[in-house]
Amino acid sequence: MSLRDKIRWYYLTWWKVMTAPLTFYHEIKPQKWDEEPLSFILGSSWLAGLFVTIGIFCSQYLTIGVGLLQLVKGIEILYVTPALLVLALAFFLMTLLIAGGIVVGFFLALFTGLGLVLYGTARLAKGHGKLTDALKAVFYSSAVLQTLAILVFIGILVKFHWLDFSFFLMGENVIYVLSAIYLWGLMSIGCRRFHGTGRLISILIAAVPFIAALLVNYYLSSKFLPAFAPWLS
C-alpha cells in the first residue's frame, strides 16, 4: 500500500469512526489488533505529533526567524532568506522526529492503558472477548486525538498575544473533556461490539477508562501545562 493509499485509508476510517461509530464497529471485519487498529492509532498519534510540532515551530522558531530577518537590510535579504528557509525546514523535521516520537509513545501507552482498564472492567461484568478485542476498540477511538489541532491553534494565538494564557488552560480543559466524553461513547460502542455486553453495562464499563482519562487531564492541567506559560508569553 502506497503512502497515498495509507493516508486515504486513515481518513476514510477516521471519518467513519467519528460520524457513524455504530455502523463502523458493527461492520468491522475480523482483524488482528496489531494490524489495522495499531496502524490507525499510530496514524492518529503522528498527526497529533505533527500538530505539536507546528505549535512549537510557530511559537518558537518562527519568532526567532522573524527577529533575524529584521536585522537584515536591503538586498541582503535575498541571500539570507533561502538559508533561513532551509534551516527552518531542518529544525521542523528534527522537532517532528523528537516531539512526534514522544507524543506517539505517550498516546500509545495511554490508550493501551485504557484498553487494559476496559478489558478488566468488561471481564468483571462477565463480558466475553479477549484483551486484543478491547485494544481494537480503544485504538480506533483514538480518532478524537485530532481535536488537539484546536488546542495548538489556541496556543499560537496566545503566543502572539491575541489571547491570554488562562484562555489556553480553559480551552485545554474544555477540549479535553468534550473529547473524553466522545471517547467514552466510542469505547462503550466498542465494548458492546467486542465483549457482548448490553448497552447500559457497556456505558458503565466505558465510564471507568473515561474517569481514568479525566484523572490524567487533572494532572496535565494542574502540574504540566502551567509550565508552558513562559513559552507562550
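Residues numbered from 1 in each chain as written. Predicted model: local features only at pLDDT ≥ 70, side-chain atom pairs only at ≥ 80, totals over all residues. Heavy atoms only, no water.

Visitor: Break down the side chain of T121 for me, with residues and values.
Guide: Topologically, T121 is positioned in helix α4 (residues 76-124). For T121, the contacting residues outside a window of four places in its chain are I205 and V208. (Helix = DSSP H or I, 4+ residues; strand = E, 2+ residues; numbered from the N terminus. Contact = heavy atoms within 4.5 Å.)

Visitor: Before we move on, could you go through the packing of aromatic side chains and cite the residues and values that matter?
Guide: All told, the structure shown has 15 aromatic pairs when counted by the stated rule. An angle of 40° between the planes, with centres 6.4 Å apart, marks the rings of F160 and W162 as tilted. On the accessibility criterion, W162 (63% relative accessible area) is exposed. A ring pair is formed by W184 and F210, whose centres lie 4.5 Å apart and whose planes are at 20°; its orientation type is stacked. Of this pair, W184 sits in helix α7 (residues 165-195) while F210 is found in helix α8 (residues 199-224), placing the two residues 26 residues apart along the sequence. The exposure class assigned to W184 is partly exposed, which follows from its relative accessible area of 26%. Under the relative-accessibility criterion, F210 is labelled buried at 11%. (Phe/Tyr/Trp six-rings, centres within 6.5 Å; stacked < 30°, edge-to-face > 60°. Buried < 20%, exposed > 50% of the residue type's maximum accessible area, 1.4 Å probe, protein only.)

Interpretation in functional terms is not warranted from these geometric data alone.
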